[in-house]
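If you want the building blocks of each chain, they are given just below.
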Amino acid sequence: MSVFEAPDFDHHEAVAFFDDKASGLRAIIAIHSTALGPACGGTRMFKYATTEEALTDALRLSRGMSYKSAIANLPLGGGKAVVIGDPARDKTDALFLAYANAINTLAGRYVTAMDVGMTAKDMPVIARGTKYIAGFDQPGKAGGDSSPPTALGVFIGLKEAVKHRLGVDSTKGLLIAVQGLGKVGMNVARRLHEEGARLVVADVNDASTRHAADAFGAKVLPPDAIVTADCDVLSPNAMGAILNDVTIPQLHARVIAGAANNQLARDEHGKALQARGILYAPDYAINGGGIIRVAAQIYDWNDAEVERRVLTIGDTLREIFHRADVEGLPTNQIADRIAEERMAKKPAQAKAAE
Ligand code: NAI
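Residues numbered from 1 in each chain as written. Predicted model: local features only at pLDDT ≥ 70, side-chain atom pairs only at ≥ 80, totals over all residues. Heavy atoms only, no water.

(A) Structural view of the overall build of the chain. When helices and strands are counted, the chain shows 11 helices and 11 strands. Taken against the 2.2 N^0.38 rule, which gives 20 Å for 354 residues, the C-alpha radius of gyration of the chain at 20 Å falls within 12% of a compact globule. With respect to the principal axes defined by its C-alpha atoms, the chain has extents near 60 × 45 × 40 Å. Burial analysis of the chain (354 residues in total) assigns 55% to the buried set. (Helix = DSSP H or I, 4+ residues; strand = E, 2+ residues; numbered from the N terminus. Rg over C-alpha atoms; globule rule 2.2 N^0.38 Å. Buried < 20%, exposed > 50% of the residue type's maximum accessible area, 1.4 Å probe, protein only.)

(B) Spatial organisation of the pattern of salt bridges. Enumeration over the complete set of coordinates arrives at 24 salt bridges. Between R308 and E305 there is a salt bridge, and its shortest N-O distance comes to 3.0 Å. One end of the pair, R308, and the other, E305, are both in helix 10 (residues 303–327), 3 residues apart, so they sit about a helical turn from each other. In this structure, the salt-bridge partner of R323 is E319, at a minimum N-O distance of 3.9 Å. Note that R323 and E319 are positioned in helix 10 at a spacing of 4 residues, about one turn of the helix. A single network of salt bridges, built from pairs that share partners, joins E319, R323, E327, R337, E341 and R342. (Salt bridge = Lys/Arg side-chain N within 4 Å of Asp/Glu carboxyl O.)

(C) Spatial organisation of the site of the ligand. Close to the ligand lie 19 residues; S146, T150, K183, V184 and D203 are nearest. In the model, an oxygen atom of the ligand is placed 2.7 Å from a nitrogen or oxygen of the S146 side chain. Contact distances for the ligand include 2.6 Å between an oxygen atom and a side-chain N or O atom of D203. Protein coverage of the free-state accessible area of the ligand, which is 820 Å², stands at 74%. Broken down by secondary-structure element, the contributors of at least two residues to the shell around the ligand are helix 4 (147–166) and helix 5 (183–195). (Near = heavy atom within 4 Å. Polar contact = N/O pair within 3.5 Å; in protein donor to acceptor, adjacent residues only side chain to side chain. Areas by Shrake-Rupley, 256 points an atom, 1.4 Å probe, with all protein chains shown as cover.)

(D) Layout of helix 11 (residues 331–345). If you check helix 11, its first and last C-alpha atoms are 21 Å apart, about what 15 residues at 1.5 Å a residue would give, namely 21 Å. Along its buried surface, helix 11 packs onto strand 2 (25–33), helix 1 (51–71), helix 7 (269–275), strand 11 (279–280), helix 8 (283–286) and helix 10. (Expected span 1.5 Å × (residues − 1). Contact = heavy atoms within 4.5 Å.)

(E) Representation of the sheet that holds strand 2. Reading across the sheet, the 5 strands line up as 1-2-4-3-5 and stay open at both edges, with mixed pairing between neighbours. Both outer strands of the open sheet, strand 1 (14–20) and strand 5 (110–114), are each paired with one neighbouring strand and no more. Adjacent strand axes in the sheet meet at a mean angle of 25°, parallel and antiparallel pairs treated alike. Relative to strand 4 (residues 77–84), strand 2 runs antiparallel, the two sharing 6 bridges. Paired with A27 across the strands is V83, a residue of strand 4. (Pairing = 2+ DSSP bridges. Axes fitted to C-alpha atoms, helices over the stretch in contact; angles between N-to-C directions.)

Have a look at this one:
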């Protein structure tokens, strides 16, 4: 398949293919845009069945990163790397060093971070070979754990959504369904509990639901019942594509605000939510705390600056909700527009990371 004709090609600035015979490395790095700064996005390692699948992921995910950084007002562009291989079997130091060299050939136009298939143990190995890496704990730098700022952004964004749709300043007394009690979801649940919200929760991990029941008085539902549970707000913090043809007609929530990536099965599901009067906080806008934390490592921002930027997620969502009302468009479309406007405003001159 030619890259230019690939269905997910969107005028990406560069798509680089790397092959290192000695280590077995096969990787694709896609740079969607450097309009706002160096292209940043995680490395995904996955046993792709075909090169086309790997290319599709790199193209689609790098574009998503351009939008995510732009909507978070960050001086970063969008990129993504995929390493073709089995994360359980194919990781070697030689492969990671060859991968680091691949990143170096882009001379700072791409800065990598962690994604599916990569762990906090792998990142320092790659970092031995490249400085264009962030989003993990590094000596002398701000912490790499992105889940606390992500959870703060979700909490702030959820409150903004509730204010807009339900006209209340606090979640006190609201019934909130939290799907997924991992690093982000548990933190969000705690914040909501502390503000006086009532919680229904679900997770495939029983220890997590037990903790939420004990610590927050949450009612536990089976995982397949949480999305359509009776509630005021649904906070998806587990997996993608949960808002789809099957679930949308059955939703009780009037507000959806959570960290999970790609919550809409397809873009047009944003319109279906709008038609049902459900206010959807676009996932990549509300979960921007993660990329803000990564940017903090690249630009050496302190925790106060991270928090200041995370709090602006509320302002961005307010703008999205307002424009969605005025223009009569779904919130996900408005978010895309705002991101595109922000990308278009800046000089299209690439600036590499130092
Ligand atoms: P995590 O892996 O710590 O937590 C996910 C939780 O969802 C786990 O407790 C897991 O058991 C649960 N889960 C899995 N399948 C489920 C199901 N069918 N029903 C209910 N629960 C289920 O991940 P983390 O870091 O908390 O992230 C949550 C979501 O937010 C993910 O979609 C992630 O991509 C997204 N996100 C996370 C960011 C971060 O900084 N951690 C940044 C931006 C997005």
